[in-house]
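Structural description and commentary
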Amino acid sequence: MLHTDFSGADARIADDVLAGAQRRAVDAHNLLVSGTGPGNKWLGWRTMLAAPNDALLERLDRLANEIREEADVLVCVGIGGSYLGADAVIAALAPAFRSHGVDVIFAGHHLSGTYLDSLLRHLEGKSVYVNVISKSGTTLEPALAFRVLRGFVERSFDNPEARIVVTTSRDSGALQHLASDKGYRQFVIPDDVGGRFSVLTPVGLLPIAVAGLDIRSLFYGAVSMYTNTGTASATSPQELPAAAAYAARRIALYESGYKTELLATMEPELARLGAWWQQLFGESEGKDGKGLFPAVSTFTTDLHSLGQFIQDGDPTVFESFLIVRNVSDSLTIPETDDNLDGLNYLAGRTFSHVNRAAFEGTREAHSSGTTPVMQIALERRTEEHVGAVIYFFQHAVAVGAYMLGVNPFDQPGVEAYKKGMLSRLKQA
Ligand code: PA5
């Protein structure tokens, strides 16, 4: 389902460093698989794949179908792990431009009143549903946006309670009480699944289903990756699944002085999956003064901005390409009579043919410069393969964090900005 190539990293890592990292990756992988590592009360993202809840998938699909029939727009209100997964999967799989169907729009993922104001104008006269998603139920950004959007729904429709869906934890407090009082439909975020690991719970699955995507294939793509690579313990590096082997290379590169991992994709549709990956890795690893800085690029766009640095800037960056092997595009490059740009030699070729040459040329150029290069390739850009890569990265980040000696599943540092912000707001 996924094809990996770590040779461009192995060539840059000293043999003893790589061997040591691989040995630690075996231990870290086994900690994860046995459920005995730090933060092991947060492994619901694995156990839910071991026992898929088909009834829940059906319930989500039923509501998604209703919303698809009734609504012009679904506004999803959430931030961080309560938004990035749905955004990533929808951007990866739904057509970029659509003339029909429900628009899935995000709100509550920042504090811009200008954005909300413009959104309210956009919603005027349309049939709108709102899905508010917050595990804690108390996060400021979605709570404020939901106040505004709830007011809009209550003013605009006779049946507001039928148009608001709440996705929260069983005991989230305020939001859960509001949902029960008002009779909103509710989905539960399991207690043992942290925000950034929650894309395959109702947090991500309801918006993804409303966007017209097949959540069963997505979920079962992750189940396949979990079953094939995430369940058996390993006795040697050769037995490690690719996700743990990727973790070993990342940490070996980190310990060799490469402090930034650049996830680079050649498909703009995968850029938001990069944003999801960035949160997953940044929040899971970046603690106790440790961790790779996760950066994201879309090529060839960013080759015209970051390409120079990657080629021969400060050699502290390594690159992980996230590519798609089989791109199904049929658009071919037209021939012109005048051939003024001299590009008729490409006439009849697909854009993916040109993009493939760009990838191969870029990989060769960067790896011959200062940058170690790895590659993770999806066979195709489908629900099943995106589900598989979601589990792949979740497994890899847990193994990498255990190798660094940090708990992958907490995020104590995120609280600091909230304290500073709330103390100022309460003083004002
Ligand atoms: O990964 C995480 O836990 C965070 O990014 C949260 O998802 C984010 O802070 C939003 O939290 P909540 O869902 O409680 O509103």
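Summary of the structure given here.

What counts and what doesn't
- Residues numbered from 1 in each chain as written.
- Predicted model: local features only at pLDDT ≥ 70, side-chain atom pairs only at ≥ 80, totals over all residues.
- Heavy atoms only, no water.
- Axes fitted to C-alpha atoms, helices over the stretch in contact; angles between N-to-C directions.
- Helix = DSSP H or I, 4+ residues; strand = E, 2+ residues; numbered from the N terminus.
- Parallel < 35°, antiparallel > 145°, perpendicular 65-115°, else oblique.
- Left-handed = near helix turned anticlockwise from the far one by under 90°.
- Contact = heavy atoms within 4.5 Å.
- Nonpolar A, V, L, I, M, F, W, Y, C, P; charged D, E, K, R; others polar.
- Buried < 20%, exposed > 50% of the residue type's maximum accessible area, 1.4 Å probe, protein only.
- Lys, Arg positive; Asp, Glu negative; His and termini not counted.
- Salt bridge = Lys/Arg side-chain N within 4 Å of Asp/Glu carboxyl O.
- 1 Å grid on protein atoms, 1.4 Å probe; cavity = no way out; pocket = protein on both sides within 12 Å on 5 of 7 lines; lining within 4 Å.
- Points joined across faces, edges and corners; volume = space filled by probe spheres on them.
- Domains from an automatic or database assignment.
- Phe/Tyr/Trp six-rings, centres within 6.5 Å; stacked < 30°, edge-to-face > 60°.
- Lys NZ or Arg CZ within 6 Å of the ring centre and 35° of its normal.

A few words on the packing of helix α12 (residues 242–254) against helix α16 (residues 383–404). As a packed pair, α12 and α16 sit with axes 8 Å apart at the nearest point and diverge in direction by 45 degrees. Relative to α16, α12 is oriented oblique. The chirality of how α12 crosses α16 is right-handed. Along the contact surface, α12 presents Ala 242, Ala 243, Ala 244, Tyr 246, Ala 247, Ala 248, Ile 251 and Tyr 254, while α16 presents Phe 392, Phe 393, His 395, Ala 396, Val 399, Gly 400, Met 403 and Leu 404. Here the contact of α12 with α16 is built from residues that sort into 14 nonpolar, two polar and no charged.

The residue Glu 267 is located in the loop between β7 (260–265) and α13 (271–285) in this model. Nearest to the buried, unbridged Glu 267 among oppositely charged side chains is Arg 381, at 5.3 Å. Contacts of Glu 267, omitting those with residues within four sequence positions, involve Thr 298, Phe 299, Val 324, Val 327 and Asn 355.

This part is about the layout of surface pockets. Considered as a void within the structure, the largest pocket measures approximately 730 Å³ in volume. Forming the boundary of the largest pocket are 28 residues, of which Ser 136, Thr 139, Gln 411, Val 414 and Lys 418 lie nearest the centre. Going through the elements one at a time, β4 (128–134), α7 (140–156), α13 and α17 (414–427) are the ones with two or more residues in the lining of the largest pocket. Of the residues forming the lining of the largest pocket, the biggest block, six residues, is contributed by α17. A breakdown of the residues in the lining of the largest pocket according to their chemical character gives eleven nonpolar, eleven polar and six charged. Per-domain counts for the lining of the largest pocket show at least three residues from each of domain 1 (2–39 + 221–413) and domain 2 (46–216). Size it by volume and the second largest pocket reaches roughly 300 Å³. Along the wall of the second largest pocket there are 15 residues; nearest its centre are Gly 137, Ala 143, Phe 146, Ala 174 and Leu 175.

Attention now goes to the packing of aromatic side chains. How two aromatic rings sit relative to each other is set out by the distance from centre to centre and by the angle between their planes. Overall, the coordinates contain 17 aromatic pairs when judged by the stated rule. When the ring of Trp 45 is compared with that of Tyr 391, the centres are 5.8 Å apart and the planes differ by 35 degrees; the resulting orientation is tilted. Of this pair, Trp 45 sits in helix α3 (residues 44–50) while Tyr 391 sits in helix α16; the two residues are 346 residues apart in sequence, bridging distant segments of the chain. Ring plane angle 80 degrees and centroid distance 5.0 Å describe the contact between Phe 321 and Phe 359, whose orientation is recorded as edge-to-face. You can see Phe 321 sitting in strand β9 (residues 317–326) and its partner Phe 359 sitting in helix α15 (residues 351–368), a full 38 residues away along the chain. In textbook terms, an aromatic cluster arises when at least three aromatic residues are bridged by ring pairs, as seen for Phe 6, Tyr 246, Trp 277, Phe 281, Phe 392 and Phe 393. The positively charged end of Lys 259 is found above the aromatic ring belonging to Tyr 254, 4.3 Å away from the centroid.

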